[in-house]
Structure formats: C-alpha cells, structure tokens
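# What the coordinates show
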Amino acid sequence: MRAKILVFTDLDGSLLDHYTYRFDQAKPLLALLKQTHVPVIPVTSKTRAELSVLRGELDSDEPFIVENGAAVFMPAEYFDVPPSECIEVDGFYCAQFSKPRDYWLDLLAQQSDEFEGEFETFTALGVDGICASTGLSAEAARLANTREFSEPVKWRGSEQRKSLFVARLRAAGATVLQGGRFLHVTGACNKGKALQWLYQQYQSVTSSLMEERRCLTIAVGDGENDVDMLQVANCAVIIRSPVHEPPVIEHNNIYRTQQTGPEGWVEGVSWFLGASERPIEMNLIEYLRKKLRSHVNG
Ligand SMILES: [Mg+2]
C-alpha cells in the first residue's frame, strides 16, 4: 500500500437519499472500504448528536466533521498521538472552528426587525417545525436541534431579499452557507478547512511512522456547502441532486454522477477507486483495484 486513501463525504443528498435518508445501495461498498481500511469520514451539516446515532447505523468508528466544518471529532484512541489544540469531550478529541450557537442566535435576533417574517431559525421552528420542513421524525428533529456551533435558518422571502440578508450576516462576521433545505449560519469555518485540518492529522501520524507516505483524498458532495471541501480534495465527486442544480466548481479531477443519493455515491466513489480509466493517481489506488473490480462489475 503506497498511499492512504481518505474518503470525505457529505451525508444528506450524497451518501443518504435526499428523501428517505437511507443508504442501502451504498452498504456493500461501505463494508468493502472498511475491510480495506479506507476511512469514510462524514462531513456534514448535521450535529454531533445526530452523528452519534448515524455512526452506529453506518458501522463507522472513524472521525467525523459536524455542522458544516465547525468542529472535527476524533475517537480518543484513533491517532497514536493526541491531536494538538483539541479539547476532550465524551471520549473524543474535538477541534472547534466556530463560536458557540448562542452567539449566532444573538446575531440573527438583530436581523429580525429588518427581515421580519422572512426567516425562521431552527430554534424558532422547534421540533414540530423542523419535522415539517425536513420530514424527520420527532426524535431525529430533536437531535438535529442539539446544535453546538451554528444555526440553520429557513428562508421564506424572495431570492433578492435573501442576498441582502446573507450580506448583512456576512458583514457581521458570520459565514452563511446554502444547504439542501436551510441557510447555515456559523463562524469562519467550512467543510474544506475542516477537511484540511483532519488531513494534516493523518499526514503527521503516518509520516511519523513511515517515510513519505501520502494520503489521497476523495470528497463527495451534492450542494453549495460542499464546494470548499470538493475544491481541496484530490478527487471530487458531485452527486446529482433530485431537487437542485449541481454546485458550480472548477476542479481538475472531477466526476459528476448520473445517479442520485447512495446509488450516485457508489457510482462516483467506484469511478475513482475501481474504474478502468482514471485521469490521475492511478498508482496510488492500485491496491484497491482488484478488490473493487468485482464490486463494480457486480
Ligand atoms: Mg448534501
């Protein structure tokens, strides 16, 4: 094995179906990646509370990135050397890149006069409103609402007014990202910065153990909030969305799927790992090829 492959993936609309949140079609490939020690690292707008449930369903013991890059959580024993500048939380090391949720709620409250009736925060929507907006169950909505570093906002006004709203928030120091259903208001963080930070942890650990080992990164996403992550990865997979246009991105090594959700996920990840015609990095992923060929062909 000449390089460690890291798969960073968005969840909603990418690994998880936009409507059902299921990922059955990806289960065989996920199991194969686990067998071959390829970490599949969730990078999501979801919360730590949601991920604690989903990691069980995904059978994942890998690190994960929550709230659009606001924080990286790594199982305490995952790296031989504890990552620097992290706090310990409930058996994880946590690197934080945003101010806490209350700070962003205060900032949003300051916009309520100028944009009265045009937006609703997650907090204002409450569990019932989140259920209605997302199709999540009450329990899933409760988990989604246990945010630590950001606030999702449902925009009800025009696109033109939305631009002004976003500009006001940005001028006040917020990062505002368009997710599948919500605007996400958070600190100076994004999925790409979090990916790079975690990538550095893998690099420093592997290089301390053996000379010149590289990591190859594959990022998978379907939305605008994935662009920063897709841009910094070696390989970018854009999953076709059933509900919105693909994000605008320039990348030297990009694959756009025909299929949506988990089927698209398998299509895109397999293309980089197992397809016969790859534009770059072939030597780095050769070791997976044989194992994946049967899966891809099957
Ligand atoms: Mg998505």
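Residues numbered from 1 in each chain as written. Predicted model: local features only at pLDDT ≥ 70, side-chain atom pairs only at ≥ 80, totals over all residues. Heavy atoms only, no water.

### Overview of the packing of aromatic side chains
For clarity, the cut-off: Each pair of aromatic rings taken from Phe, Tyr and Trp, with Trp reduced to its six-membered ring, is defined by centres within 6.5 Å and is described as stacked if the planes are under 30 degrees apart, edge-to-face if over 60, and tilted in the remaining cases. Comment: elements are numbered from the N terminus, with helices defined as DSSP H or I runs of at least four residues and strands as E runs of at least two. Buried, partly exposed and exposed residues are distinguished by accessible area as a fraction of the type maximum, computed with a 1.4 Å probe on protein chains only: under 20%, between the cut-offs, and over 50%, respectively.
Applying the stated rule across the entire model yields 15 aromatic pairs. Between Phe 73 and Phe 92 the ring centres are 6.2 Å apart and the planes differ by 85°, which places this aromatic pair in the edge-to-face class. Of this pair, Phe 73 sits in strand 4 (residues 71-75) while Phe 92 is found in strand 6 (residues 92-96), placing the two residues 19 residues apart along the sequence. Here the two residues Phe 73 and Phe 92 agree in accessibility, since each one is buried. Between the aromatic rings of Tyr 78 and Tyr 202, the centroid separation amounts to 5.9 Å while the plane-to-plane angle is 85°, which identifies the pairing as edge-to-face. Of this pair, Tyr 78 sits in the loop between strand 4 and strand 5 (87-89) while Tyr 202 sits in helix 7 (residues 191-209); the two residues are 124 residues apart in sequence, bridging distant segments of the chain.

### Considering the coordination of the magnesium ion
Note the following rule: Donors, by definition, are the N, O and S atoms found within 2.8 Å of a metal, the threshold being 3.2 Å for Na, K and Ca, and water is not counted, so a site can look incomplete.
Summarising the metal site, the magnesium ion is bound by the protein donors Asp 10 (OD), Asp 12 (O) and Asp 222 (OD), whose distances to it range over 2.2 Å. Site description for the magnesium ion: donor spacing in sequence, D-x1-D-x209-D. Taken together, the positions of Asp 10 in the loop between strand 1 (3-9) and helix 1 (27-35) and Asp 222 in the loop between strand 11 (214-221) and helix 8 (227-232) put the pair 212 residues apart, joining distant regions of the chain. Each member of the pair, Asp 10 together with Asp 222, is buried.

### Overview of unusual backbone geometry
One non-glycine residue, Tyr 21, lies in positive phi territory at about 65°. With a phi close to 45°, Asp 90 is a non-glycine residue in the positive phi region. With respect to the element layout, Asp 90 can be found in the loop between strand 5 and strand 6.

Worth remembering: the numbers are spatial, not functional.
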